[in-house]
Amino acid sequence: MSQIEHQVHSICPEVAGSRISKFIAFLYGITAYVVFFVTILYAIGFVMGLVVPKTIDTGTATPPLEAIIVNLLLMALFAIQHSVMARQGFKVWWTQFVPKPVERSTYVLLASLSLLLLFWQWRPLPAVIWEIQNPDLAVTVVTLAFAGWVLVFTSTFIINHFELFGLHQVTNHLVGKEAEAPRFKTPLLYKFVRHPIYLGFIIAFWAAPVMTAGHLLFAAVTTLYIFVGIALEERDLVALFGDEYRQYKQRVSMLIPWRRSV
Ligand SMILES: C[S@@+](CC[C@H](N)C(=O)[O-])C[C@H]1O[C@@H](n2cnc3c(N)ncnc32)[C@H](O)[C@@H]1O
């Protein structure tokens, strides 16, 4: 402890205490971010069947019905956690217990943990639905899948990566800056589609040179979930930004850049 901090501590222990709690909140935010980052990297390997020990097509063989039920439950758990905890009403309720500066980090941490559970417990369904035989076409499809992941990552940075994953909030808290009110933004890709991150996920999940029944189940359910997620997110965005978001919806399409609106 520096001499000044020592003096502050003896005059006003709660000020020193609050500095320590801010630092702990910051470390917690960093930890949540690292867990998220490992999870998203694992997700790429899991879906594409690359590098990681357990992929979408590997693991304990189980009867198909059992595999479908387990996989649906795992995806439902993620969907419920991810959607319910993102709603404004839930945030108001649980910030009575979770400090506001670490609310986003806690959300990110729990979403990452439920995804890691899914990767770990996912049951393969190995029946092949399609397999691209032409090597050039197969390479093109793999490239497209990578492009989907690049779209996901770049879009998070375009809209505000560090705020989305809670680091911005814990850093502001650490340096004593007021939390900023959410701002409506339409930078770069957001001028062409309203949901480039979700578009990136859809491309990454469907662009598979070998599509197994397990992979198809994953792609179909997550795509369905993305549409539900968009409806919920846009309801909140209209409530938050009003006409500004309504006009954006009129002007810019949801996922397909060359279509007008919807
Ligand atoms: C995971 S991001 C997904 C953003 C967008 N749906 C996409 O696919 O690129 C979700 C967060 O982005 C915020 N968001 C979405 N569109 C936005 C916009 N145009 N301006 C500001 N925030 C936005 C939502 O309120 C939510 O907190």
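None of these values were measured; they are calculated from a predicted model.

## Side note on the overall build of the protein chain
Step number 1: For the protein chain, the helix and strand inventory stands at 11 helices and two strands.
Step number 2: In sequence order, the protein chain lays out its α and β elements as α-α-α-α-α-β-α-α-α-α-β-α-α.
Step number 3: Oriented by its inertia axes, the alpha-carbon framework of the protein chain measures out at about 75 × 45 × 35 Å.
Step number 4: Scored against the burial criterion, the 262 residues of the protein chain give a buried share of 40%.
Step number 5: Contacts spanning at least 24 positions in sequence make up 78% of the contacts within the protein chain whose residues lie at least 6 apart.
Step number 6: For the protein chain, the accessible area works out to roughly 14,900 Å², and carbon and sulfur atoms hold 71% of it.
Step number 7: The distance from the centre of the 19 positive side-chain charges to the centre of the 15 negative ones in the protein chain is 6 Å.

## A closer look at the site of the ligand
Step number 1: What surrounds the ligand is a group of 13 residues, the closest being Lys185, Tyr190, His195, Ile197 and Glu233.
Step number 2: Residue lysine 185 places a main-chain N or O atom 2.7 Å away from a nitrogen atom belonging to the ligand.
Step number 3: Residue tyrosine 190 places a side-chain N or O atom 2.5 Å away from an oxygen atom belonging to the ligand.
Step number 4: Broken down by element, the residue count for the shell around the ligand peaks at three residues, all from helix α9 (residues 196-206).

## A few points about the packing of helix α10 (residues 213-241) against helix α11 (residues 243-251)
Step number 1: Viewed as axis vectors pointing N to C, α10 and α11 meet at an angle of 130°, and their least axial separation amounts to 6 Å. Viewed along their axes, α10 and α11 adopt a mutual orientation that is oblique. Note on element contacts: α11 touches α10 through Asp243, Glu244, Tyr245, Arg246 and Lys249, opposite Glu234, Leu237, Val238 and Phe241.
Step number 2: By residue class, the composition of the contact of α10 with α11 is four nonpolar, no polar and five charged.

## Quick notes on a nonpolar patch on the surface
Step number 1: Residues Ile30, Val34 and Val38 make up a contiguous nonpolar surface patch of roughly 230 Å² in combined accessible area.
Step number 2: Considering the arrangement of structural elements, one finds isoleucine 30 in helix α2 (residues 13-48).
Step number 3: What makes isoleucine 30 partly exposed here is its relative accessible area of 34%.

## Brief notes about the packing of aromatic side chains
Step number 1: Under the definition given, this model contains 25 aromatic pairs.
Step number 2: Ring plane angle 15° and centroid distance 3.9 Å describe the contact between phenylalanine 36 and phenylalanine 165, whose orientation is recorded as stacked. Of this pair, phenylalanine 36 sits in helix α2 while phenylalanine 165 sits in the loop between α7 (161-164) and α8 (167-174), and the two are 129 residues apart along the sequence.
Step number 3: Given the relative accessible area of 13%, phenylalanine 165 is considered buried.

## Observations regarding unusual backbone geometry
Step number 1: You will see that valine 51, though not glycine, has its phi angle at about 65°, which is positive.
Step number 2: Residues other than glycine seldom take positive phi values, yet leucine 188 does so here, at roughly 35°.
Step number 3: Within the element layout of this structure, leucine 188 appears in the loop between α8 and α9.
Step number 4: With relative accessibility at 58%, the residue leucine 188 sits in the exposed group.

## Some points on the pattern of salt bridges
Step number 1: For the coordinates displayed, the defined rule picks out four salt bridges.
Step number 2: Where arginine 194 meets glutamate 234, a salt bridge forms, and the shortest distance between an N and an O atom there is 2.7 Å. Here arginine 194, found in the loop between α8 and α9, pairs with glutamate 234, found in helix α10; they are 40 residues apart in sequence, far enough to count as distant. Note on accessibility: arginine 194 and glutamate 234 belong to one class, buried.

Cut-off values and rules
Residues numbered from 1 in each chain as written. Predicted model: local features only at pLDDT ≥ 70, side-chain atom pairs only at ≥ 80, totals over all residues. Heavy atoms only, no water. Helix = DSSP H or I, 4+ residues; strand = E, 2+ residues; numbered from the N terminus. Buried < 20%, exposed > 50% of the residue type's maximum accessible area, 1.4 Å probe, protein only. Contact = heavy atoms within 4.5 Å. Areas by Shrake-Rupley, 256 points an atom, 1.4 Å probe, with all protein chains shown as cover. Lys, Arg positive; Asp, Glu negative; His and termini not counted. Charge placed at Lys NZ, Arg CZ, Asp CG, Glu CD. Near = heavy atom within 4 Å. Polar contact = N/O pair within 3.5 Å; in protein donor to acceptor, adjacent residues only side chain to side chain. Axes fitted to C-alpha atoms, helices over the stretch in contact; angles between N-to-C directions. Parallel < 35°, antiparallel > 145°, perpendicular 65-115°, else oblique. Nonpolar A, V, L, I, M, F, W, Y, C, P; charged D, E, K, R; others polar. Patch = residues over 30% accessible without salt bridge, like charges linked within 9 Å, V, L, I, M, F, W, Y side chains within 5 Å. Salt bridge = Lys/Arg side-chain N within 4 Å of Asp/Glu carboxyl O. Phe/Tyr/Trp six-rings, centres within 6.5 Å; stacked < 30°, edge-to-face > 60°.

That is the geometry; function is a separate question.
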